[in-house]
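Breakdown of the fold
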Amino acid sequence: MSRILPLYLIIILCFCNFSNHTYAQVVSTYAGDTTNGYSGDNHSAAHAQLMQPYGIAVDQKNNLYIADHAANCIRKVDSTGIITTFAGTGVAGFSGDSSLATAALLNGPTSVAADRFGNVYIADNGNFRLRKVDTNGIITTIFYDYVYMTIPLTVAVNQQGRVYFTALNYFYYFIDSVDVLTLEDTTGTPIWMQEPNGITFDSVGNMYVAVSTGSTGNIVKVDTFGHCTNLAGDGSCGSGCYDSVNALSVGLYGFTGIARDDSGNIYACESTSSRIVKVNRFGFLTTYAGTCYYGGHTGDGGYALSAYIDVGETYDNYNPLAIDKAGNIYMAEVDYHDIRKITPGGIATTSVIKSSAIAINTNLSISPNPNNGDCAIFLSSPVEEQAQITVTNMLGERIKEFSLHTNSSMKANFDFSPGVYILSASASTGKYNTKFTIR
């Protein structure tokens with residue numbers, strides 16, 4: 001009997017560890033007010049404007065760095081929530097090497113990374129360069145190759161200080177301590193490893209890659225010897241939302257970003273299904289945030305699994321995911337010009353609106369979606385009022401404004417060109433957005 005009891009306890013403990021239910025995490029808007037622009041420096045990041053944020057990174061001091069792509073700069077949100085411009089002036093161009101990064105010119109940065117020593121690395125996409133900002137704020141170019149069109153997209157750095165980046169030719173590179181570029185050995189690399197969209201590392205230098213190959217996705221581990229192991233995705237296209245399933249037995253869509261916490265859990269943004277998935281250290285996959293297949297921007301102050309999030313497309317988001325030491329996850333929403341924050345365990349943050357019930361019960365919808373311009377709009381809310389509705393295009397230009405009474409359906413006829421648009425509602429309970437398509 002004395003042997004049976006310990007075995008029984010072990011079975012119970014293992015079952016508890018395999019269980020991957022994560023229903024307590026709360027989502028909020030951490031930076032950006034969802035309008036397209038470049039403003040807000042030296043004030044609260046939640047009230048600032050961003051302009052198509054792409055990649056993000058968190059440093060050892062919990063500062064968040066944002067590749068503010070269309071604003072041609074890197075924004076920084078410190079641990080108190082104040083936003084500033086870290087590199088670039090907001091004007092597209094190339095200048096400033098060996099000078100202060102705040103006076104330099106960048107051109108459409110797509111990704112950013114921070115090492116444990118305090119240096120920050122920038123994929124200066126439009127300038128065909130990888131640039132470094134040291135602890136004194138001085139910017140330099142550490143890679144430039146216009147001849148072979150090696151354009152950095154995603155940049156990452158491991159605990160040992162080695163810098164890796166991906167490029168348009170889908171290979172990945174690293175730069176060693178003397179800034180020598182090396183093409184990583186891809187001999188025998190499986191096809192599902194050849195389009196990396198996001199990179200992260202563990203403490204011993206193993207690399208984890210978010211891969212997008214056409215309409216399918218995989219999460220791949222590359223050990224320190226260069227050996228590849230598939231951790232998630234069976235090679236087929238995604239087919240549903242999952243809860244504690246074998247990560248190798250399901251189809252997944254293309255990924256846009258990846259992060260790993262100190263417990264060995266991996267998080268990745270799955271583009272088509274508009275969700276974040278989690279793969280725990282035992283290899284079980286669960287939907288962590290997002291309602292699956294419904295992209296948008298709703299649910300602040302409520303549970304992440306009830307929120308609409310927008311993880312972006314594989315062609316315009318490069319590592320839009322980051323995680324801090326407390327386990328908070330940050331995600332860039334390029335189409336909504338903001339950064340969302342997902343806190344574990346139901347921990348409230350200053351960016352969450354006070355009444356989570358209002359956030360949960362307020363929802364903006366448009367149907368059908370996609371449509372030919374003829375549609376119905378509905379804004380559910382616990383407050384009866386007139387809400388201001390705005391339609392903007394993907395450039396952030398306002399093209400229509402009108403009023404809508406909450407809890408009533410309104411028919412609309414949008415005489416717009418085919419494309420993707422953002423429908424926004426401003427009410428006393430907050431601001432809500434959803435994306436729709438006109439065919």
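These numbers come from a predicted model, not from an experiment. (Residues numbered from 1 in each chain as written. Predicted model: local features only at pLDDT ≥ 70, side-chain atom pairs only at ≥ 80, totals over all residues. Heavy atoms only, no water.)

**Description of the pattern of salt bridges**
In total, this model carries ten salt bridges according to the counting rule given. A salt bridge links D124 to R131; its shortest N-O distance comes to 3.0 Å. Each member of the pair, D124 together with R131, is buried. Note that K435 and D310 form a salt bridge whose closest N and O atoms lie 2.8 Å from each other. In this pair, K435 is assigned in strand β35 (residues 430-438) and D310 in the loop between β25 (296-297) and β26 (321-323), connecting sequence segments 125 residues apart. When its relative accessible area of 4% is taken as the criterion, D310 is described as buried. Connected through shared salt-bridge partners, D41, D68 and R75 make up one network. (Salt bridge = Lys/Arg side-chain N within 4 Å of Asp/Glu carboxyl O. Buried < 20%, exposed > 50% of the residue type's maximum accessible area, 1.4 Å probe, protein only. Helix = DSSP H or I, 4+ residues; strand = E, 2+ residues; numbered from the N terminus.)

**Some thoughts on the nonpolar core**
Where a protein is soluble and globular, its nonpolar side chains tend to be buried together. L364, I366, I377, V391, F414, L423 and F436 are the most contacted members of the largest nonpolar core, which has 20 residues in total. Contributing elements (two or more residues each) for this core: β29 (363-367), β30 (374-380), β31 (386-393), β32 (398-405), β34 (419-427) and β35. No other element matches β34, which puts four residues into this core. Among the nonpolar cores identified, the runner-up in size contains 16 residues, and V27, Y288, V311 and M331 belong to it. (Core = buried A, V, L, I, M, F, W, Y, C linked by side-chain atoms within 4.5 Å.)

**Notes on the sheet that holds strand β6 (residues 82-87)**
The strands that make up a sheet pair up through hydrogen bonds in the backbone, lying either parallel or antiparallel. In spatial order, the strands read β2-β6-β5-β4-β3; together these five strands make up an open sheet with antiparallel pairing. What marks the edges here is a single partner per strand, and that holds for β2 (43-44) and β3 (53-58). (Pairing = 2+ DSSP bridges.)

**A word on the sheet that holds strand β33 (residues 409-413)**
With antiparallel pairing, three strands are arranged side by side in an open sheet as β29-β30-β33. In this open sheet, the two strands that pair with only one neighbour each are β29 and β33. The average undirected angle you get between the axes of adjacent strands in this sheet is 25°. Bridge count for β29 against β30 is five bridges, and the pairing is antiparallel. Considered in β30, the bridge of L364 is made with L379. (Axes fitted to C-alpha atoms, helices over the stretch in contact; angles between N-to-C directions.)

**Brief notes about the pairing of strand β17 (residues 207-213)**
For β17, the buried fraction is high: six of the seven residues fall into the buried class. Where strand β16 (residues 196-201) meets β17, five bridges bridge the pair, whose relative direction is antiparallel. For G198, the partnering residue across the bridge sits in β17 and is A210. Sheet topology places β17 next to strand β18 (residues 216-222); seven bridges connect them, and they run antiparallel. If you follow V211 over to β18, its bridge partner there is N218.

**Side note on the packing of aromatic side chains**
Evaluation of the coordinates by the stated rule reveals ten aromatic pairs. An aromatic cluster is built from F402, F414, F416, Y421 and F436, whose rings are joined through pairwise contacts. Across the ring face of Y144, the terminal group of R129 is positioned such that the distance to the ring centre comes to 3.8 Å. (Phe/Tyr/Trp six-rings, centres within 6.5 Å; stacked < 30°, edge-to-face > 60°. Lys NZ or Arg CZ within 6 Å of the ring centre and 35° of its normal.)

**Looking at unusual backbone geometry**
One can expect most non-glycine residues to show negative phi and most peptide bonds to be in trans. A cis geometry characterises the amide bond from S367 onward to P368, with omega recorded as -10°. Along the chain, the position of P368 falls in the loop between β29 and β30. At the junction of N369 and P370, the peptide bond is cis and its omega measures out at 10° in the coordinates. By secondary structure assignment, the location of P370 is in the loop between β29 and β30. Positive phi, normally seen in glycine, also occurs at N72, with a value near 60°. Note on placement: N72 falls in the loop between β4 (64-68) and β5 (73-77).

**Some words on the confidence of the model for the chain**
Here the chain averages 80 in pLDDT, while 80% of its residues score no lower than 70. Contacts of residues 346-361 to residues separated by more than four positions or lying in other chains number 26 contacts, the stretch itself having pLDDT below 50. (pLDDT = per-residue confidence, 0-100. Contact = heavy atoms within 4.5 Å.)

**Brief notes about the side chain of T392**
Its place among the elements puts T392 in strand β31. Relative accessible area serves as the criterion here: at 13%, T392 is assigned to the buried category.

**Thoughts on the environment of G108**
Topologically, G108 is positioned in the loop between β7 (99-100) and β8 (111-114). Here G108 falls in the buried class, since its relative accessible area comes to 7%. Discounting residues that sit within four places of it in the chain, G108 has contacts with H69, N72, N125 and G126.

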